[in-house]
Amino acid sequence: MEKQFKLSVHQLVDFLLRVGDIDNRVFNKSTMNEGSRLHAYYQHKMGEFYISEYYLKETFNVDDFSITLEGRSDGIIIYDDYFVLDEIKTTVSDLKEFYEEQKEWHLGQAKCYALMYANEKNYQKAIIRITYINQIDETKFIKEFKVDVDELKQYVLDLLKQYLDFYRLIFDRIEKRNISAEKLKFPFSSFRTGQRDLAKYAYAIAKKGGQLFVEAPTGIGKTVSTLFPFIKSFADNSTDKIFYLTAKNSGKETAMSTIDILRQNGLSISNLIITAKEKVCYCPGKGCNPDECVFAKGYYTKLKRVIETSLMNYERFSLQEISRIASENMMCPFELSLDLSLFVDVIVCDYNYMFDPQVFLQRYFLEDRSKTLVLVDEANNLVDRGRDMYSCSFSYESFKKAKKAVKELEHKKYKNASRRINKLFKELNNNYEDGNHIINMFLPTHLNAIEAYVVACQDINKHFHQFANEDFLEFFFEINKFLKLIELYDDTFKLYINKYNKNIIVNLYCLDCSSHLRRSFSKIKGSIVFSATLSPSEYYIDTLGGDEKTPFLKLRSPFNKENRKIIVAPNVSLRYKRRNETIEKVVQYLTSLIKSKLGNYFIYCPSYEYLNLLEPYLALLDIDLHVQRKDMTDEEKQSFLNHFESNPTKTTVGLAIVGGSFGEGIDLVSDRLIGVAVIGVGLPQLCFERDLIKDYMSIIHENGFDYSYVYPAINKVMQAVGRLIRTENDKGIALLIDDRYCSSPYSTLFKDEWNDYEIITEVSELEEIVQKFWENK
């Protein structure tokens, strides 16, 4: 393998020169957004002779390695025999204190840019200017340093040598990884039905790039069939990192365990899981700063040593391993997982780390990632998740709570900004009656008021953090997200207010996130978007950023159809107005199903309201009944599933919500689940926002109601039924109760998946079919 690698200036100086604490009062999404705005404003203000965002790239030969250093300089001013290299830094901190704390880090960055520009343009002298701008009042503090090229060259070479001492460890790991990937064989003795096809197409994406959508039912082995060929592409160094994105913890565990299997078969590879910050935080409820969290103190000063030690000793960074390393070194486990991720091969994480404009990993997805491959598992979830990522709201009630939190603080900028926000809400209150109202766009004065409020909050976060309680921060985050997303406003968004009972909620709602997802996908080498249920294919390709040329692979289940019986009871209406009338008929069908054979069953309800209606009827039966409740913790969910044991001595029934926590992503194999019933067609409740989607999609596709309501409903039903057969030995019955199952479009879509279902109109027919099915098994 050639001894060469690329390195950004940021990677170099961040790793070697950054010291100090994690402090989200200084470095957070809001200050980053405001910093970007001030950067652009300052650069524009400097005039036509100020060269902004100049791209620099140079290859340095250091010992036996060739290192390509690259980055963008904030600004350059050219004179006859010298130039000024301007590095802009914005902060909410005191400017002189910020300079003293971080001068080596900032100056190191500027020196790298200065040397590359001097070499490119043949200059011998330069002035490095570091321009500090306060985000609160826009005051400036400027430091200038005269340098010559020989000094810069020695300085940068010294930095590169220091980094190379560390990188040799990474290089050795990459070399071992590539050799082992080339030798790696498929970890099982044979391919399952459909598995070879999926692996073949995945390998083509890994080699040539592009995008593929795949519907692969349970049993295909989607995880190993996609990860194996992607990992094989490490062999020729055409891939440098793989992301495995999934919405569920079970999906993350499957990805990690699959890599374990490949490692047991000779693969040398590093992998890491990123867990949500709130789930790993050692100081919940505390701010991420050295005054409130001891694990933030000195984080960056310790980081280089901890990363080196960790990479020398471990390949697999699970949540437990990361937590142990962080605890031993008194470091934030979440931030440590992000920093370690720079040096591992496979990252397993949630969708938002690639797609969410507020959370995405800028270190990976801000620029071109032409050697990065991405797997998107359980992609049916990404439609709604994507909309949520690009939607936001803030309310008058939240604003009042935020004001209350700082009422004892004398802060002139905040009070002035608060008055402007209050005026905004007052105008909305005077102009609109109770209800939902679409508004075209906020006036510039309104947006200026929001910007002023955010800036004032930043100052309070930094200098008066004792007032920044949960209520204050909640409104701050809400309004800051709004300010970020409103920049993207176009016809794929709706801005509306909800006024009710003296409260006003301002909503920015994303109707169609496909263009934003497409933009994220365009920055990587290749991706596979897959799930057990991606039907109809046109809907998912369209809403998840594909186009008419995007290939779609549909695989059939490898399991014996004789092991599953699907029964449809179409003589019961589950439309909202008739649910009370038909509840007793539904109970008769359910009772017949669960009394037919002792075992474990899931009954999926269309809503919590219906669940509450049904629960008293089932409670009268001689069964163990367990009911899904709202806002269950992870521990409560696991406890719920633990009731469904193998070889049960009494019939156990789980009452759950279709499309909810137990509607997908769970594996109750063998006799842990032998029957499911789905009540209704999974149609989302009619609501204002889904009607907005319907109206928008009707203009584009004509069948707006299907896009907004029907297709998501069908997916929920398919996922629920999919809980039934998880292995080749599983057997069970699925009962679908609703008259709409025998009418278009439901009948058309389901017939493609389940063309062997039987229709019944009486309970006695159900009893006969069920009895016969189990007798044959």
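Definitions and cut-offs
- Residues numbered from 1 in each chain as written.
- Predicted model: local features only at pLDDT ≥ 70, side-chain atom pairs only at ≥ 80, totals over all residues.
- Heavy atoms only, no water.
- Phe/Tyr/Trp six-rings, centres within 6.5 Å; stacked < 30°, edge-to-face > 60°.
- Helix = DSSP H or I, 4+ residues; strand = E, 2+ residues; numbered from the N terminus.
- Buried < 20%, exposed > 50% of the residue type's maximum accessible area, 1.4 Å probe, protein only.
- Axes fitted to C-alpha atoms, helices over the stretch in contact; angles between N-to-C directions.
- Left-handed = near helix turned anticlockwise from the far one by under 90°.
- Contact = heavy atoms within 4.5 Å.
- Pairing = 2+ DSSP bridges.
- pLDDT = per-residue confidence, 0-100.
- Expected span 1.5 Å × (residues − 1).
- Salt bridge = Lys/Arg side-chain N within 4 Å of Asp/Glu carboxyl O.
- Polar contact = N/O pair within 3.5 Å; in protein donor to acceptor, adjacent residues only side chain to side chain.
- Core = buried A, V, L, I, M, F, W, Y, C linked by side-chain atoms within 4.5 Å.

A. Broad picture of the packing of aromatic side chains. Taken as a whole, this structure holds 56 aromatic pairs when the rule is applied. With a centroid separation of 5.8 Å and 65° between ring planes, the pair formed by Phe15 and Phe343 is classed as edge-to-face. Of the two residues, Phe15 is situated in helix 1 (residues 9-17) and Phe343 in the loop between helix 11 (333-341) and strand 11 (346-349); the sequence distance between them amounts to 328 residues. Overall, Phe15 belongs to the buried group, its relative accessible area being 11%.

B. Spatial organisation of the packing of helix 5 (residues 195-208) against helix 6 (residues 222-232). Packing of helix 5 against helix 6 leaves a shortest axis separation of 8 Å and a crossing angle of 35°. The handedness of the crossing between helix 5 and helix 6 comes out as right-handed. Along the contact surface, helix 5 presents Gln195, Leu198, Ala199, Ala202, Tyr203, Ile205 and Ala206, while helix 6 presents Lys222, Val224, Ser225, Thr226, Pro229, Phe230 and Lys232.

C. Inspection of the sheet that holds strand 10 (residues 316-317) at higher detail. Taken in spatial order, the eight strands of this open sheet run 10-9-11-8-12-17-7-18, and their pairing is parallel. Lying at the two open borders of the sheet, with one neighbouring strand each, are strand 10 and strand 18 (552-554). As paired elements, strand 9 (residues 271-273) and strand 11 share three bridges and run parallel to each other. Following the sheet pairing, Asn271 is matched in strand 11 by Val346.

D. Representation of the confidence of the model for the chain in the model. Chain-level statistics for the chain give a pLDDT mean of 92 and a share of 99% at 70 or above. Per-element confidence in the chain ranges from a low mean pLDDT of 74 for helix 13 (residues 362-365) to a high of 97 for strand 9.

E. Representation of helix 21 (residues 579-595) within the structure. Taking 1.5 Å as the rise per residue, helix 21 with 17 residues should run 24 Å; its terminal C-alpha atoms sit 23 Å apart, in good agreement. Turning to helix 21, its buried residues are Arg579, Thr582, Ile583, Val586, Val587, Tyr589, Leu590, Thr591, Ser592, Leu593 and Ile594.

F. Geometry of the pattern of salt bridges. All chains considered together, the criterion is met by 33 salt bridges. Notably, a salt bridge pairs Arg385 with Asp350, separated by 2.5 Å at the nearest N-O pair. Highlighted residues: Arg385 in helix 14 (residues 382-389) and Asp350 in the loop between strand 11 and helix 12 (352-355), separated in sequence by 35 residues. For Arg385, a relative accessible area of 24% translates into the label partly exposed. By relative accessible area, Asp350 is classed as buried at 10%. Across the pair Lys650 and Asp624 runs a salt bridge whose closest N-O atoms are separated by 3.7 Å. Separated by 26 residues along the polypeptide, Lys650 in the loop between helix 23 (634-642) and strand 22 (652-657) and Asp624 in strand 21 (residues 624-627) bring together distant segments of the chain.

G. A look at unusual backbone geometry. Note the cis peptide between Ser535 and Pro536, where omega equals -5°. Following the sequence through the fold, Pro536 ends up in the loop between strand 17 (524-531) and helix 20 (537-543). Omega for the peptide link from Ser744 to Pro745 comes to 5°, which places this bond in the cis form. As for its position among the elements, Pro745 is in the loop between strand 24 (732-737) and helix 26 (746-753). At Glu53, a residue that is not glycine, the phi angle is positive and equals roughly 50°.

H. The side chain of Arg129, seen in detail. Here Arg129 is to be found in strand 5 (residues 125-134). Within the structure, the side chain of Arg129 is placed 2.8 Å from the side chain of Glu144, a separation counted as a polar contact. Leaving out residues up to four positions away in the same chain, Arg129 has contacts with Met46, Ile77, Val84, Leu85, Asp86, Glu87, Ile142, Lys143 and Glu144.

I. Spotlight on the environment of Val454. Here Val454 is to be found in helix 17 (residues 444-463). Once the C-alpha coordinates of Val454 and Cys605 are considered, the two residues, 151 residues apart in sequence, prove to be 43 Å apart.

J. Expanded view of the nonpolar core. Tyr163, Phe442, Tyr453, Phe482 and Phe602 are the most contacted members of the largest nonpolar core, which has 192 residues in total. Counting residues per element, this core draws most heavily on helix 4 (residues 149-183), at 14 residues. Non-local contacts of Tyr163, meaning those with residues more than four positions away in its chain, are made with Phe5, Leu7, Gln11, Leu12, Phe15, Leu16 and Phe343. Ranked by size, the runner-up nonpolar core spans 37 residues in total, among them Val586, Leu611, Ile674 and Ala677.

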